[in-house]
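Overview (structure and organization)
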Amino acid sequence: MLSPNDKKLEKLDPFYLPSLSKQKTSAEIVSEARNALRTVRTQRPFTPREDQRKLFGPASSRTPENRPPSSFSVHASSFEFSDSRPISGTRLSPLEFKPKAPASPDTVEDFCLSFPKPPVDPAKIRRISSARARLFRVASQGALLPARTLLPTQPTRVESEETVTTRDSVVKINGIYLTESKAIGHLKRHPLQLTYDGDFSKITEQEMFKGATSVPFHLRSGGDQGKRRPRASSSSRSPDQSRLDIRAGSKADLQEKNTEIEVDEVFWNTRIVPILHDLEKEENIEMVCATCTQLHHALEEGNMLGNKFKRRSVLLKTLYKLVDVGSDLLSLKLAKIILALKVSGKNLLNVCKLIFKISRSEKNDSLIRNDSILESLLEVLRSEDLQANTEAFLYCMGTIKFISGNPEFLHEMMGKGAVEILMSLIKQVNENTKKSGTCLPNSGHLLVQMTATLRNLVDSPLARSKLLSINALPQLCTVMEQHIGDKDVCTNIARIFSKLTSYHDCCVALASYSRCYALFLNLINKYQKKQDLVVRVVFILGNLTAKNNQAREQFSKEKGSIPTLLSLFHTFYKLDLHSGKRWGEGDERPEARRPAQAEDVLIKLTRVLANLAIHPGVGPAIAAHSHIVGLLLATLESKSIDDCEELVINTTATINNLSYYKVKNSIIQDRKLYIAELLLKLLVSNNMDGILEAVRVFGNLSQDHDICDFIVQKNVHKFMIALLDAKHQDICFSACGVLLNLTVDRDKRLILKEGGGIKNLTFHSG
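Parameters at a glance
Residues numbered from 1 in each chain as written. Predicted model: local features only at pLDDT ≥ 70, side-chain atom pairs only at ≥ 80, totals over all residues. Heavy atoms only, no water. Helix = DSSP H or I, 4+ residues; strand = E, 2+ residues; numbered from the N terminus. Buried < 20%, exposed > 50% of the residue type's maximum accessible area, 1.4 Å probe, protein only. Areas by Shrake-Rupley, 256 points an atom, 1.4 Å probe, with all protein chains shown as cover. Axes fitted to C-alpha atoms, helices over the stretch in contact; angles between N-to-C directions. Left-handed = near helix turned anticlockwise from the far one by under 90°. Contact = heavy atoms within 4.5 Å. Nonpolar A, V, L, I, M, F, W, Y, C, P; charged D, E, K, R; others polar. Disulfide = S-S within 2.5 Å. Core = buried A, V, L, I, M, F, W, Y, C linked by side-chain atoms within 4.5 Å. Polar contact = N/O pair within 3.5 Å; in protein donor to acceptor, adjacent residues only side chain to side chain. Arc of directions from axis to C-beta. Expected span 1.5 Å × (residues − 1). pLDDT = per-residue confidence, 0-100.

Attention now moves to the overall build of the protein chain. For the protein chain, the helix and strand inventory stands at 38 helices and five strands. Split into buried and exposed, the 766 residues of the protein chain put 48% on the buried side. If you sum the accessible surface of the protein chain, you get close to 40100 Å²; carbon and sulfur atoms cover 52% of it.

Here it is as structure tokens:
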């Protein structure tokens, strides 16, 4: 009697009988067969590290006379001591309103041109407020004084005892009589040095405040604004007169402005001046550096950073002189303050050069990091005008490029928005080039620095994420289109894409930009013999076509795509043959050697062909292309897997993908016996990857009767039977496919049975 387990086993079908419920459809069988077509991987092109930090490396296409220098000297004399903001360069349009000369200087309507008359009664003058006194200065420059004033509530500081007498159009200043126009110019240059002398009686500001109550300094902010009364209006006054009255009556605004100046003066004298004295007399470098740090903090505390501080030129003059000390640490301290003071023009260029010069030495990276110089440099890029400061931006970006190669700066650069700032500048360059129709001067030099910096930054996952979020890849393609004649720019962007397309999300983003395929083909055609650029472009194409069937189709549809690849293949095949002659037969090549330049291009190129062959519309066309198939077979014949492992494996994988298509005019099918001969040396090698690729090709070719005869004649079937015991699952599976194809012929079954092939197949199937 059978046990329950035996009864269950009795009901099971023999393993060799197919289960109806598990039979595969025709589509599933075809899909499974297509899985034999596979892409191949390769390493990203090697980029050697540059020994020296320069704007342009030794591989640059720029000649020394056609590129900005990386070596120079910066001294105190390099700076302009009378620093001022640059003129915008924009021509102002003329004013629509043109005042007419008055008929009589004594009429009321001539207030816009006549010089103001002081009050007649001296007693009234003593009751004028501090705000009223300041309005005298405004009035002397063309504004109208209000008719009525209030008592003063706070004193005003006076710096000189200048006297002004107004008699018609004559003004007396310090005993010298000047015309009204010259007097106004003098008053504009000395706005705080003003007293009046009317009707032969001198009234100074000191006299105006006799008897005025002294108010603490920190409370001098606005006077008694609540008691201010407007000037009586007249129905005959024009709108222009009313506007001037309002402007002249803005006492609170003027008081606030002057209060800020007074605060700056006090802070300057009590906090800044002593520090400047210390800087001038201190001889110890460490103490000078500490004093510079103290100065920066004090300026920040006093809100004196920027370009609107009136003592700025005095401060900058002191800082410029210290540049000649020659200390890198001190120079960085000085540069940080100078940049914070918003210098422009030649001074901005020189301070950027100063930092660049220091950053050329890697040992100074720690100094740059400790002083947060990166933040100051990024602020220059963020706030200054690109077109007006292209050369300054160049050296600023040169410094950022240097330190971006240091992993210690990577996190800081990401946190401070370096990627966004760089892409904003690149977008600005693209727009300017599009508007002008030509590349702006020096824009190419600047783009080399920016793209080299991005090349370093994209190693960060956060940088890649930011580039995708701001849609940066099309902008980089636009740069290549506009500067296709600049090999340095194109090479840097190709390096960026080489890194980015190694990641799936970036690869998908670039593949979706349809214009990139024509761009890459143009680059290959233009720089066909420039290995360092071409190898990266082909590597990018290999990444794009690796897992994206739409990318394969789009690329193949581009005009001249296959001819371009064929021309490139032919060029570097010849170069590789020439370079191979340098090795004698008795010479030993170094182990784990890096592929030669020409060979590396062939490795990347055969990978692209293997990927394209997967597409059912492209693969048959390549299989029928005699020149491409001929170069593949010539490569397989001339190369040894021991010397050129990656190239031989990629070439064999390409032949495997092409051998899948049983088309009428296939060159692979026409030369199948020759291909089988070439594969024999792979089967007997010690390289398991090479053996796997050879077995896969035999799996496709063994569907032909002639190849089955070849396999038996060369005892390849015995080798396949032995591979059934291999621990490598893919090899075992592929060998099974070859043996199963042999069983189609009745005469081959007996041979397999005698060699133990049927037994092994049955064992592995079970």
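Bringing the packing of helix α11 (residues 328–340) against helix α12 (residues 345–359) into the picture now. Each packed pair of helices is defined by two parameters, the angle between the axes and the distance between the axes. Put simply, α11 and α12 touch, their axes get as near as 10 Å, and they point 150° apart. Note that α11 runs across α12; the crossing there is left-handed. Here Asp328, Ser331, Leu332, Ala335, Ile338 and Leu339 of α11 lie close against α12, whose contacting residues are Leu348, Val351, Leu354, Ile355 and Ile358. Residues belonging to the contact of α11 with α12 are distributed by class as follows: nine nonpolar, one polar and one charged.

Below, the discussion takes up the state of the cysteines. Applying the stated criterion to the full structure yields zero disulfides. With no disulfide partner, cysteine 292 has as its closest neighbouring cysteine sulfur the one in cysteine 289, 6.3 Å distant. In this structure cysteine 516 is a free cysteine whose sulfur lies 5.8 Å from that of cysteine 477, the closest cysteine sulfur available. Classification of cysteine 516 by relative accessible area gives buried; the value is 0%.

Ranked by internal contacts, the top residues of the largest apolar core, which has 181 residues, are Leu295, Leu381, Phe497, Phe520, Leu544, Phe698 and Met720. Ranked by residue count, the leading element in this core is helix α15 (residues 390–404), at nine residues. When sequence neighbours within four positions are dropped, the list of residues in contact with leucine 295 reads Ile272, Ile275, Leu276, Leu279, Leu315, Leu319 and Ile337.

Attention now goes to the side chain of glutamate 693. The topology assignment puts glutamate 693 in helix α33 (residues 688–701). For glutamate 693, the side chain forms a polar contact with the side chain of arginine 696, separated by 3.3 Å.

This part covers helix α25 (residues 549–557). Helical periodicity: at 3.6 residues per turn, an α-helix aligns residues three or four positions apart in one direction. For α25, the set of buried residues is Ala551, Arg552 and Phe555. Down the axis of α25, the sector holding all buried residues measures 105°, keeping them to one side. Set apart from the buried face of α25 by more than 90 degrees, the exposed residues are Gln550 and Lys557. The backbone nitrogen of glutamine 550 lies 3.0 Å from a side-chain oxygen of the residue at the head of α25, namely asparagine 548.

Attention now goes to unusual backbone geometry. Despite not being glycine, lysine 342 shows a phi value in the positive range, around 60°. Within the secondary structure layout, lysine 342 lies in the loop between α11 and α12. Judged by relative accessible area, which is 22%, lysine 342 ranks as partly exposed.

Bringing helix α27 (residues 597–612) into the picture now. The end-to-end C-alpha distance of α27, which contains 16 residues, comes to 23 Å, matching closely the 22 Å that a straight helix rising 1.5 Å per residue would cover. α27 sits mainly inside the fold: 15 of its 16 residues count as buried.

So, about the confidence of the model for the protein chain. It should be kept in mind that the predicted coordinates are not to be read in detail where pLDDT is low. In the predicted model, the protein chain carries a mean pLDDT of 76, and 66% of its residues have values of at least 70. Summarising per-element confidence for the protein chain, the mean pLDDT is lowest in helix α6 (residues 205–208) (38) and highest in helix α23 (residues 515–526) (97). Scored below 50 in pLDDT, residues 84–91 makes seven contacts in the model with residues more than four places away or belonging to other chains. This model gives residues 242–263 a pLDDT under 50, and the stretch forms 36 contacts once residues within four places in sequence are excluded.

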